[in-house]
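Residues per chain, in single letters:
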Amino acid sequence: MQLCPACDARRPAARAFIQWYRDPDRDPTALPQPFEEWETETVHAHGWVRALQPEALPSPPVHLRLVTRRPG
């Protein structure tokens, strides 16, 4: 996938991602949200669908003999 300002400016998520990228005062911590929206929009344009992420299985209980004791 490649972001093209000339081709993608008409799509809302791509336009927001382009605006974020061109902003000299952009907040790098805000990148995941516009990127994920653009990515989802792009895969939909190609007829694909993002698969749901499976839920993480709960961790098994820790056996107390495996836990080290701390002094104090």
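Thresholds, definitions, all that
Residues numbered from 1 in each chain as written. Predicted model: local features only at pLDDT ≥ 70, side-chain atom pairs only at ≥ 80, totals over all residues. Heavy atoms only, no water. Helix = DSSP H or I, 4+ residues; strand = E, 2+ residues; numbered from the N terminus. Polar contact = N/O pair within 3.5 Å; in protein donor to acceptor, adjacent residues only side chain to side chain. Axes fitted to C-alpha atoms, helices over the stretch in contact; angles between N-to-C directions. Left-handed = near helix turned anticlockwise from the far one by under 90°. Contact = heavy atoms within 4.5 Å. Phe/Tyr/Trp six-rings, centres within 6.5 Å; stacked < 30°, edge-to-face > 60°. Lys NZ or Arg CZ within 6 Å of the ring centre and 35° of its normal. Buried < 20%, exposed > 50% of the residue type's maximum accessible area, 1.4 Å probe, protein only. Arc of directions from axis to C-beta.

Colleague: What is the right way to look at the side chain of T42 in this model?
Modeller: Within the element layout of this structure, T42 appears in helix α3 (residues 32–45). Within the structure, the side chain of T42 is placed 2.8 Å from the backbone oxygen of W38, a separation counted as a polar contact.

Colleague: Where do I start with the packing of helix α2 (residues 12–22) against α3 in this structure?
Modeller: Between two packed helices, the angle of one axis relative to the other and the distance separating the axes together describe the packing. Where α2 meets α3, the closest approach of the two axes is 8 Å, and the angle between their N-to-C directions is 145 degrees. As for how α2 packs across α3, the hand of that crossing is left-handed. For the pair formed by α2 and α3, the contact residues are P12, A13, A14 and F17 on the first element and P34, F35, E37, W38 and E41 on the second.

Colleague: Please clarify how the packing of aromatic side chains should be interpreted in this entry.
Modeller: Aromatic rings considered in pairs are described by the distance between their centres and by the relative angle of their planes. Taken as a whole, this structure holds 4 aromatic pairs when the rule is applied. Judged by centre distance (5.6 Å) and plane angle (55 degrees), the rings of F35 and W38 are tilted. Pair noted here: F35 and W38 are both in helix α3, with a separation of 3 residues, about one helical turn. Here the aromatic residues F17, W20, F35 and W38 are joined through ring pairs into a cluster of three or more. Its end group placed over the ring of W20, R26 keeps NZ or CZ at 5.4 Å from the ring centre. Between the NZ or CZ atom of R26 and the centre of the ring of Y21, over which it lies, the distance is 5.0 Å.

Colleague: How should α2 be read in this particular structure?
Modeller: Residue pairs spaced three or four apart in an α-helix point in one direction, given the helix's 3.6 residues per turn. Here α2 has its buried residues at A13, A14, F17, I18 and W20. The buried residues of α2 occupy an angular sector of 160 degrees when the element is viewed end-on, so they sit on one face. When the buried face of α2 is taken as reference, the exposed residues oriented beyond 90 degrees from it are P12, Q19 and R22. Tucked inside the fold, the buried residues of α2 contact α1 (5–8) and α3.

Colleague: Looking at this model, I keep getting lost on the side chain of R11. Mind explaining?
Modeller: In this structure, R11 sits in the loop between α1 and α2. Given the relative accessible area of 13%, R11 is considered buried. One polar contact links R11 to E41, side chain to side chain, over a distance of 3.2 Å. Of note is the side chain of R11, whose polar atom sits 2.9 Å from the side chain of T42.

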